[in-house]
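The residues making up each chain are set out below.
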Amino acid sequence: MKLSTNFVKDYVDIDVDVKTLAEDMTKVGNEYDEAGKLIKATKLVIGEVKECEMHPDSDHLHVCKVDVGDKILNIVCGAPNVRKGLKVIVALDGAELPGGIIKKGIIRGQESNGMICSIAELGLENKFLEEKDKTGIHELPLDAPVGEDPINYMKMDDEVIDFDLTANRGDLLSILGMAYEISAIYDKKVKDIDLSYDENNENINKEFKVEVNTENCTMFLAKKVKNIKIEGSPDFIRNRLIASGIRPINNVVDISNYVMLETGQPLHFYDADTLNGKIEVRMANDNEKLTTLDGIERVLKTSDIVISDGNKAIGLAGVMGGLETEITENTKNVIIESAIFNPVKIRMTSKDILRSEASIRFEKGLDPNRTYMAIERACNLLQKYANAEVVGNIAKYDEEKLENREIEISFENINKILGMEIDKKDILDVYRRLGFSYNLKDDEIIVVSVPRRRGDITIKEDLIEEVGRIYGVDNIVGKLPNIPPKAGNYDKVTRGIRNKMVDLGLNETLSYILVNENEAKMFTKDDKEIAMLLDPMSEDRNTLRNSIIPSLLKIFEYNRARNVEDVSLFEIGKAFYKKNEEYGENTYISALMTGNYYLGIENKKKVNFYIIKGIVEELLDYLGYSGRYSFVVKEDKMPDELHPGQSALISVNNDVVGIIGRVHPRVLKDDVYVFEINLDKLLAKKVGKMKYKEISKYPSVKKDLALVVDKEKEAQEISLVIKKFAGSLLSDIEVFDVYEGKGIPEGKKSIAYSLTFEKSDRTLTDEEINIAMEKIIQGAEKKIGAMLRK
Amino acid sequence: MEEKIENIKKLAIAEIENSSNEKELNDAKIKYLGKKGELTACLRGMGSLTPEERPVIGNLVNIVKNKLEEMIEKKEEEYRKLELDRKLREETIDITLPSTKIKRGSKHPLNRIIEEVEDLFVSMGYDVVTGPELETDEYCFERLNLPKGHPARDMQDSFYITSEYLLRTQTSAVQARAMMENEEKSPIRIICPGKTYRRDDDATHSHQFSQVEGLVIDKDISLADLKGTLEVFVRKMLGDNLQLRFRPSYFPFTEPSYEVDVSCFKCEGKGCSLCKQTGWIEVLGSGIVHPNVLKMNGYDPEKYSGFAFGTGLDRLAMFKYGITDIRLLYKNDVRFLKQFDRCDR
């Protein structure tokens with residue numbers, strides 16, 4: 001809302017500058033984006049072109065002698081309309097214009113001591129410019145006083161505050177509302193609005209009918225004016241519209257906008273001769289068509305409220321009028337509409353079709369008293385400035401309540417919520433300044449009568465806020481709540497995981513969950529259904545990710561493009577799914593590793609499958625799943641984006657919780673490894689408390705065992721066989737070498753284990769260990785055809 | 001005999017003194033004090049002495065022996081020291097050569113901020129709770145006093161995926177969940193950090209961002225409690241001695257509502273580019289929980305009151321680490337991420 005301070009001064013006396021006013025309004029909750037002069041240009045003066053010759057070295061420039069009052073200036077001007085005798089706006093040497101600072105100089109050999117300005121050069125927005133303003137200098141009336149300030153002369157010496165209002169304060173979308181707010185701040189009186197006009201002795205109800213056939217219109221007033229004279233608006237109306245951001249058109253249309261600005265009540269003017277003596281308000285028919293003022297044919301829905309002439313739609317209620325009944329240069333007679341429509345319906349329609357100055361006001365809710373006020377004000381102005389003859393009486397439909405809202409509140413309640421001790425008289429003074437009347441029910445209870453213009457105040461808490469706003473809360477002394485102490489809780493496991501991953505050398509990322517459709521389908525096998533946004537900002541981010549890995553791949557590519565080659569990343573975050581029209585989300589941990597990995601104090605090593613597997617194992621061990629997980633190859637369950645020969649499912653308690661592997665070369669040429677674990681699924685698997693396990697006092701015995709097996713045999717299976725046959729003496733088993741080639745038959749490999757034997761209550765004998773080793777060798781031979789490597 | 005011993009002593013001392021390394025010293029030790037050494041031989045030869053002479057000679061031998069041992073030990077010590085010095089010299093390395101890198105990862109700056117906020121509020125007895133990011137309209141809006149068609153919904157342009165499901169626009173959604181899930185309708189003291197989403201993308205807005213929400217519901221909770229709590233929060237995160245300013249505002253789920261400005265921590269209120277010369281920076285939205293919100297989620301507004309606040313964590317991270325473009329937080333340039341690997345002191 002752009003507030004013209006000249007406009008609001010009609011209704012309240014303000015004796016502070018525009019910045020102070022803006023700051024004081026901010027203190028009571030009304031923020032602003034900008035506050036300052038409407039025309040920011042400086043050092044302007046009215047001049048008269050005394051002489052105007054063609055520039056000797058140019059085919060379009062003129063050399064002018066301009067009288068600016070105290071002197072005559074030589075100015076070079078390029079405008080086609082410059083000529084002797086014109087009164088013009090001159091920017092003097094040093095003038096600051098929106099386009100830059102004017103300096104005297106030489107233009108093609110001719111001295112130029114300023115600039116003759118167009119309206120555009122003063123910084124007025126393009127939409128306010130007439131065609132002539134865009135091509136030439138501004139021509140002032142011939143009686144304009146030379147040497148004076150042209151901005152004052154044109155009555156454009158306005159100051160404007162561009163407010164960024166909160167959604168609840170629909171009342172401030174009017175000059176009157178602003179006047180009430182300002183009057184509360186400075187404790188001033190709001191002046192009366194002039195609603196006087198003369199009516200003829202005709203009766204509108206004899207020739208015109210209003211019919212409302214929907215509950216979505218609670219008030220509809222119509223008045224008729226005759227024999228209007230359409231012309232340009234007086235300067236003050238034009239300038240105030242411009243200051244408020246509305247383009248002036250002609251006196252009649254401008255008055256409808258002027259009254260809307262003044263009262264907050266949007267009006268609509270119909271050319272009375274295009275109506276059939278009737279207006280009907282109803283809901284639109286499905287697919288009903290209407291050409292609006294802007295010439296666009298709109299296809300309507302049954303949720304749109306329309307104005308009809310009894311046969312067809314002629315206006316989109318509260319949003320925009322129809323082309324057929326609009327005010328034209330030839331309009332003589334006008335029907336004025338002042339109405340209240342259902343805010344939610346207007347909001348929905350305007351969201352689909354168009355946000356207009358009118359719809360913005362309708363959707364915030366209106367004061368029905370203003371609905372009457374506005375139509376009378378329109379008659380007043382039309383009579384004054386468009387020569388209108390006002391037809392007697394009013395056609396109306398009115399289901400609104402005009403009375404104030406009464407709300408009870410106690411002094412104690414106010415102070416308790418604000419945490420202050422404000423005097424009773426100071427509290428009552430706030431309501432008085434706001435223009436709310438009140439009664440004291442007893443010593444403690446105030447009954448406040450809230451005028452309808454303040455539709456935002458409906459409960460006692462709203463009245464507490466008003467005290468906070470107007471009295472101020474700067475003096476509140478902060479304290480901590482007087483509540484019993486207790487221990488706070490947070491998710492220690494997730495934080496532990498994050499710390500663990502950082503310890504393991506990975507950098508944590510934070511990526512967008514919105515990806516494109518293709519990315520959303522990657523790295524999942526079953527969850528190919530995707531959740532898409534109804535109204536995305538771009539194609540590239542229109543889908544919720546099903547996996548974090550595609551996000552990590554993008555981050556990898558971003559870094560690779562910047563020559564960062566060693567990349568080890570992880571992210572803990574959400575990924576989403578859609579299943580049979582049900583939507584949901586899970587928390588995942590995902591990681592991506594490529595390039596070199598730094599193994600503690602040892603040397604760096606190229607990342608391979610086993611390194612990232614080590615990360616996963618360390619993480620699972622950390623979370624207490626030691627001995628309960630395995631890596632399972634099931635080709636039909638693996639996502640297509642993983643290398644089929646270097647990938648696996650991560651399984652805990654024989655239940656798949658994640659995937660691990662090298663990214664398929666089809667997806668990425670680089671050697672990149674990833675894993676992803678569904679943390680919700682994993683952490684649901686209970687683990688016991690961390691407990692000390694007694695360390696054997698007796699020495700353990702290490703034995704090496706190299707077995708020759710089929711090349712395809714998996715180490716995990718061999719280990720299981722060894723464990724099974726070793727029995728309880730075996731305390732640890734580790735692979736320390738895998739070898740193929742010379743000395744090993746074709747199609748076979750040698751795999752070497754280091755076995756640790758131990759018993760907690762005594763020292764093992766050689767004989768016991770030999771028996772165990774023999775059992776392992778025999779068992780392995782029988783179960784998996786393993787031979788002892790000699 | 002006495003003369004002989006004196007002679008041995010002289011010779012031995014000379015040999016010990018003249019030895020130039022550990023081996024020569026050891027040779028001298030064996031030559032005089034060993035089992036077959038010359039001084040040892042004197043003791044053995046005492047059998048030929050008279051009983052009167054024996055103690056005198058024995059005593060003399062012992063004195064000389066002790067003297068020599070003492071000298072040898074001193075000399076040995078010297079040699080050991082020399083040897084150690086030599087060895088240390090030999091082992092000297094170029095300590096300016098680069099170290100063997102021990103690389104640790106790093107936490108994302110936003111998560112560092114979240115952890116810091118969590119730790120602070122946990123220490124004041126708050127529980128950290130989370131809620132879904134894919135939220136229902138009911139929890140994100142309706143239960144927060146924002147019915148469908150409410151004009152304030154414009155404040156937050158949302159990403160819907162169906163008419164009912166959307167990406168949450170505010171962590172306030174967790175407020176309603178916490179109240180609904182509390183079956184006894186007992187007091188609540190929570191913060192809810194998390195990701196939020198709005199249709200907005202530029203240098204200061206990201207369509208995905210993070211917020212933390214705080215909610216306290218108990219008896220007699222007032223604006224003064226809110227102010228005191230936020231003072232602790234802001235001063236811990238941004239600097240001691242910062243002042244707060246409550247500016248009336250509007251949020252559908254609080255009444256009264258306040259935007260909270262903090263005195264500029266860069267210029268200490270004098271006015272600079274960060275605070276746009278105003279001396280104040282807007283950091284939080286807050287207020288007293290709206291009675292409709294309490295009612296809708298099962299709390300009796302006559303019995304309980306509460307305060308709620310929310311703030312953008314991205315901005316907090318940007319302030320704290322001097323990051324000027326929010327998009328840096330989401331680009332995940334490894335060179336950026338790696339910077340956040342030290343302890344914050």
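Residues numbered from 1 in each chain as written. Chains lettered and ligands numbered in written order. Predicted model: local features only at pLDDT ≥ 70, side-chain atom pairs only at ≥ 80, totals over all residues.

Asks: Residues and numbers for the overall build of chain A, please.
Replies: A tally of regular secondary structure across chain A gives 21 helices and 42 strands. Taken over the C-alpha trace, chain A has a radius of gyration of 41 Å; the compact-globule value for 790 residues is 28 Å, which it surpasses by more than 25%. On the principal axes, the C-alpha backbone points of chain A span a range of 125 × 85 × 60 Å. Relative to its full complement of 790 residues, chain A shows a buried share of 40%. The long-range share in chain A, meaning contacts at least 24 apart out of those at least 6 apart in sequence, stands at 69%. (Helix = DSSP H or I, 4+ residues; strand = E, 2+ residues; numbered from the N terminus. Rg over C-alpha atoms; globule rule 2.2 N^0.38 Å. Buried ≥ 20, exposed ≤ 12 C-beta atoms within 10 Å, placed from the backbone. Contact = placed C-beta atoms within 7 Å.)

Asks: Could you give an account of the sheet that holds strand β2 (residues 31-37) of chain A, naming the residues involved and the relevant values?
Replies: Residue and element names in this part refer to chain A. Strand order across the open sheet formed by 3 strands is β1-β12-β2, with antiparallel pairing between neighbours. The open sheet is flanked by β1 (2-4) and β2, the only strands paired with a single partner. Averaged over all pairs of adjacent strands, the angle between strand axes in this sheet comes to 20°, irrespective of strand direction. By the bridge criterion, 3 bridges tie β1 to strand β12 (residues 159-164) in an arrangement that is antiparallel. Following the sheet pairing, S4 is matched in β12 by V160. Across the sheet, helix α2 (residues 18-27) is in contact with β2 and β12; its angle to β2 comes to roughly 170°. (Pairing = 2+ DSSP bridges. Axes fitted to C-alpha atoms, helices over the stretch in contact; angles between N-to-C directions.)

Asks: Describe the domain arrangement of chain A, listing the residues and the values that go with them.
Replies: All names here are of chain A. The assigned domain composition of chain A is domain 1 (2-38 + 159-179), domain 2 (44-153), domain 3 (204-398), domain 4 (405-471), domain 5 (492-683) and domain 6 (701-788). Once you take the C-alpha centre of each, domain 1 and domain 3 turn out to be 26 Å apart. Listed as interface residues are 13 residues of domain 1 and, on the opposing side, 12 residues of domain 3. Among the elements of the structure, β1, α1 (5-8) and α5 (175-186) are those that each provide at least two residues to the side of domain 1 that touches domain 3. Among the elements that make up the side of domain 1 that touches domain 3, the one with the highest residue count is α5 (3 residues). (Domains from an automatic or database assignment.)

Asks: Lay out the environment of A772(A) in plain terms, naming residues and giving numbers.
Replies: Residue and element names in this part refer to chain A. Turning to its location among the elements, A772 is positioned in helix α21 (residues 766-784). Taking the number of C-beta atoms within 10 Å as the measure of exposure, A772 has 21 and is therefore buried. With 43 residues separating them along the chain, A772 and L729 place their C-alpha atoms 8.0 Å apart. Excluding residues that lie within four positions of it along the chain, A772 makes contacts with A726, G727, L729 and F757.

Asks: Tell me what's going on with unusual backbone geometry, and back it up with residues and numbers.
Replies: A cis amide bond, omega -5°, links E255(B) with the succeeding residue P256(B). Positionally, P256(B) belongs in strand β8 (residues 254-263). The backbone of E581(A) shows a phi angle near 70°, a positive value even though the residue is not glycine. By the element assignment, E581(A) lies in the loop between β31 (567-579) and β32 (582-594). By the C-beta count within 10 Å, which is 7 here, E581(A) ends up exposed.

Asks: Account for the pairing of strand β27 (residues 445-450) of chain A, with residues named and values stated.
Replies: All names here are of chain A. Here β27 shows a buried face lined by I446, V448 and V450 and an unburied face lined by I445, V447 and S449. In the sheet, strand β25 (residues 405-410) pairs with β27 via 6 bridges, with the strands oriented antiparallel. When the bridges of β27 are listed, I407 appears paired with V448. As paired strands, strand β26 (residues 437-440) and β27 are joined by 4 bridges and run antiparallel to one another. What sits directly across from Y438, in β27, is V448. The turn linking β26 back onto β27 is made up of 4 residues.

Asks: Which residues make up the pairing of strand β9 (residues 280-289) of chain B, and what values do they have?
Replies: Residues and elements named next belong to chain B. When you tally the buried positions in β9, you get 8 out of 10 residues, the bulk of the element. By the bridge criterion, 8 bridges tie β8 to β9 in an arrangement that is antiparallel. Across the sheet, the residue bridging to Y258 is S286, located in β9.

Asks: Which residues make up the domain arrangement of chain B, and what values do they have?
Replies: Parsing chain B into structural domains produces domain 1 (2-91) and domain 2 (109-337). Inter-centroid distance (C-alpha atoms) of domain 1 of chain B to domain 2 of chain B is 88 Å.

Asks: With reference to specific residues and values, describe the packing of helix α1 (residues 2-18) of chain B against helix α4 (residues 53-91) of chain B.
Replies: All names here are of chain B. Following both chains from N to C, one finds α1 and α4 inclined at 0°, their axes separated by 11 Å at the closest point. Classed by the angle they form, the pair α1 and α4 counts as roughly parallel. Contact with α1, carried on its side by E2, I5, K9, A12, I13 and I16, involves L60, V61, V64, L68, M71, I72 and K75 of α4 and no other residues of that element. In terms of residue class, the contact of α1 with α4 is built from 10 nonpolar, no polar and 3 charged. (Parallel < 35°, antiparallel > 145°, perpendicular 65-115°, else oblique. Nonpolar A, V, L, I, M, F, W, Y, C, P; charged D, E, K, R; others polar.)

Asks: Explain helix α14 (residues 460-471) of chain A to me, and be specific about the residues and the numbers.
Replies: Residue and element names in this part refer to chain A. Under the 1.5 Å per step criterion, the end-to-end length of α14 is 16 Å for 12 residues, consistent within 8% with the ideal 16 Å. Burial of α14 is extensive: 10 of the 12 residues sit out of reach of the surface. Listed in full, the buried residues belonging to α14 are E461, D462, L463, I464, E465, E466, V467, G468, R469 and I470. Once α14 ends, the next one or two residues include G472, with phi positive near 100°. (Expected span 1.5 Å × (residues − 1).)

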